[in-house]
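Structural description and commentary
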Amino acid sequence: EAGDIETIWQNGEFVDWDEATTHVLTHGLHYGTGVFEGARAYDTENGTAVFRWEEHLDRFYASGKPYEMEVPFSRDELTEATLELLRRQDLQSAYIRPIAFFGYNSLGVSPEGCPTDVAIAAWPWGAYLGEDALKNGIDVMVSSWRKHSSSQIPTNAKTTGLYVNSLLAGEEARRNGYAEAIVLNKEGQVAEGPGENIFLVRDGEIYTPGLSQSILDGITRDTVITLAREEGYTVHDQATISRGELHTADELFFTGSAAEVTPIRQVDNVQIADGNRGPITEDLQSAFFDLVERKTDAHDDWFTYI
Ligand code: PMP
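Residues numbered from 1 in each chain as written. Predicted model: local features only at pLDDT ≥ 70, side-chain atom pairs only at ≥ 80, totals over all residues.

Once that is clear, we can look at the overall build of the protein chain. A tally of helices and strands in the protein chain yields eight helices and 17 strands. Here the C-alpha radius of gyration of the protein chain, 19 Å, is about what a compact globule of 306 residues would show, namely 19 Å. Referenced to the eigenvectors of the C-alpha coordinate spread, the extents of the protein chain come out at roughly 55 × 45 × 30 Å. The proportion of buried residues among the 306 residues of the protein chain is 42%. Intrachain contacts of the protein chain at a sequence separation of at least 6 include 70% that bridge at least 24 residues. (Helix = DSSP H or I, 4+ residues; strand = E, 2+ residues; numbered from the N terminus. Rg over C-alpha atoms; globule rule 2.2 N^0.38 Å. Buried ≥ 20, exposed ≤ 12 C-beta atoms within 10 Å, placed from the backbone. Contact = placed C-beta atoms within 7 Å.)

Here F199 lies in strand β11 (residues 197-202). Each C-alpha atom of the pair F199 and A249 lies 9.9 Å from the other, and the pair is 50 residues apart in sequence. Among residues more than four places away in sequence, those in contact with F199 are I206, Y207, T208, V224, L252, F253 and T255.

Mapped onto the elements, G256 comes out in strand β14 (residues 251-256). Between the alpha carbons of G256 and E196 there is a distance of 4.9 Å; along the sequence they are 60 residues apart. Setting aside its immediate chain neighbours within four residues, G256 contacts G195, E196, N197, G218 and T220.

Further remarks concern the domain arrangement of the protein chain. Domain annotation for the protein chain reports domain 1 (2-123) and domain 2 (131-292). Put simply, the middle of domain 1 and the middle of domain 2, counted by C-alpha atoms, are 26 Å apart. Listed as interface residues are 22 residues of domain 1 and, on the opposing side, 11 residues of domain 2. If you tally residues by element for the side of domain 1 that touches domain 2, the top one is helix α2 (residues 53-64), at five residues. (Domains from an automatic or database assignment.)

What follows covers the pairing of strand β4 (residues 39-44). Where β4 and strand β6 (residues 94-102) come together, three bridges link them in antiparallel fashion. Across the sheet, residue A39 finds its bridge partner in β6, namely I96. Direction of pairing for β4 relative to strand β5 (residues 47-51): antiparallel, over a ladder of four bridges. Bridge pairing in β5 links D43 to T48. Connecting the antiparallel pair β4 and β5 is a turn made up of two residues. (Pairing = 2+ DSSP bridges.)

Here we come to helix α8 (residues 279-292). For α8, with 14 residues, the first-to-last C-alpha span of 20 Å sits near the 20 Å given by 1.5 Å per residue. Taken as a whole, α8 has its buried residues at T281, L284, Q285, A287, L291 and V292. One side of α8 holds all its buried residues, which, seen down the axis, span an arc of 160°. Structurally, α8 contributes buried residues whose contacts are with β4, β5, α6 (219-230), β14 and β15 (260-267). R294 sits one or two residues past α8 and shows a positive phi near 60°. (Expected span 1.5 Å × (residues − 1). Arc of directions from axis to C-beta.)

As structure tokens, then:
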């Protein structure tokens, strides 16, 4: 857990866990003006490696763009900091959380004059929705909360403030006995999970909402699309999926750096197909885990070894 870790990288230095603090008048705390990433390092057959770190860095810097937030550290500095955190804490596998936020200057909404503070933490984290979820799938509900539209707030930027919507949807689901939520966009089409992208299988073909549906451009989404195409599946990656199609799907699953590839077995108490992990989901899940554990040689350029 995040509380058990020893060292955090903060603004260029490695500091002890209890020294990695920030002021209560931090701009990002008041206005949600932070951008962050969630990546994983896997214990691979070739040693510990961060999966698709370059793409996480790309998105990290890009997320700051709408807010004119410049991360004052280079790719090499953030990479070295991350690898060193893994080495120092002897982590064979880990969840990695880089964050950049407007720090303290004045508390106007304008961040003018605020420094951009940057930190990275890494800690061991097992299956996000539980080991059982990976095998047997989860029960989800369609949230009564809609997702903000990309015309209201950039949804392709991984901004801290956006996650109040994820929290509302996820906690509503858990209060009602479900493991996670599916969130519709403002138009009422299927967008994604609170921290996951969603995929649907119908008649052997794979569908996932396109970027125009106000989703985060997930890196696991891209990985799964790539693997599925390599296996010969047809993937519709700019799909529009209506709520009703969820119930009649042959298979549904979530993807995410934290959630990896998690099957969905029920939506709003309606069983999806026979209620088990579907064959295409299982196939893609195996391909995903074989890839990240380096049981295959494919896509070695997706790995940053420590
Ligand atoms: N959508 C949202 C809202 C998320 O928070 C995440 C997790 N970053 C995802 C999708 C999945 O993205 P990724 O595969 O890059 O982790």
